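One letter stands for each residue in the lines below.
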Amino acid sequence: MKNKEEIIILALSMGVVMVPSLILGLVGLLLWGMFWVPTLVAIAIIWVIGYVSDTLSKQKVQVDLAKVKVQELQVRNQQSVETSCAFCKVRNMVPVRLNIRNTFECTKCKQTSLMVFQFTAAQITTPLDLPQWGQKVNLPIQEPVVEVQDIPEVPEPEEVPDAPSLG
Ligand SMILES: [Zn+2]
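This structure is a prediction, so every number in the text was calculated from the model and none was measured.

**Q** Help me understand the overall build of the protein chain in this model?
**A** Scanning the protein chain for helices and strands turns up two helices and four strands. Sequence-ordered secondary structure for the protein chain, helices as α and strands as β, is α-α-β-β-β-β. The buried share of the protein chain, reckoned over its 167 residues, is 4%. By sequence separation, contacts in the protein chain at least 24 residues apart represent 16% of the contacts at least 6 residues apart.

As structure tokens, then:
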């Protein structure tokens, strides 16, 4: 039961506030003949302390979350690529980041190579355009245009003349 838990938590926090406040009130009653003034002052002080510590713990949680995000970014930025040494051609696993100049020391010849990236663009499969509201649904599907270059023509098989009948 969630309600029961909430009631228990509420009662506990009320107890945490009220018990010391009432004790202080009794002390005040014995020392100065005042009960309510020390009790209310104690309630106010405990409430302020609780509010401040709650705010601080929330801030700590946010700071921890930010740290986790930074760590996650660092892990994501640490991609590794297998590449050949520029000197001895031995394969090396090299951590790379796109926002810095990437160099690596070869595990075999200890020479330093510079990483050079080359990017190319490729077509992704274009999804069919969904019909706009009000348009007819049965639009013709456009065939993708394929450019054919320098493909040697396959010669058609020569017609085989009919074999002369042997009669
Ligand atoms: Zn090398």
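Structure shown, so let's carry the discussion forward.
**Q** Just to check I follow, could you spell out the environment of Ser113 for this structure?
**A** Along the polypeptide, Ser113 turns up in strand β4 (residues 112-114). When the C-alpha positions of Ser113 and Phe87 are compared, they lie 7.7 Å apart, and in sequence the two are 26 residues distant.

**Q** Honestly, the pairing of strand β2 (residues 91-96) in this entry has me stumped. Any pointers?
**A** Across a regular strand the side chains alternate sides, sitting on one face of the sheet and then on the other. Among the six residues of β2, zero are classified as buried, and the element is accordingly described as predominantly exposed. Sheet analysis places strand β1 (residues 79-84) next to β2, joined by six bridges and oriented antiparallel. Note that in β2 the partner of Thr83 across the bridge is Asn92. Linking β1 back to β2 in an antiparallel pair, the connection comprises six residues, with Lys89 at a positive phi of about 65 degrees.

Cut-offs used in this document
- Residues numbered from 1 in each chain as written.
- Predicted model: local features only at pLDDT ≥ 70, side-chain atom pairs only at ≥ 80, totals over all residues.
- Helix = DSSP H or I, 4+ residues; strand = E, 2+ residues; numbered from the N terminus.
- Buried ≥ 20, exposed ≤ 12 C-beta atoms within 10 Å, placed from the backbone.
- Contact = placed C-beta atoms within 7 Å.
- Pairing = 2+ DSSP bridges.

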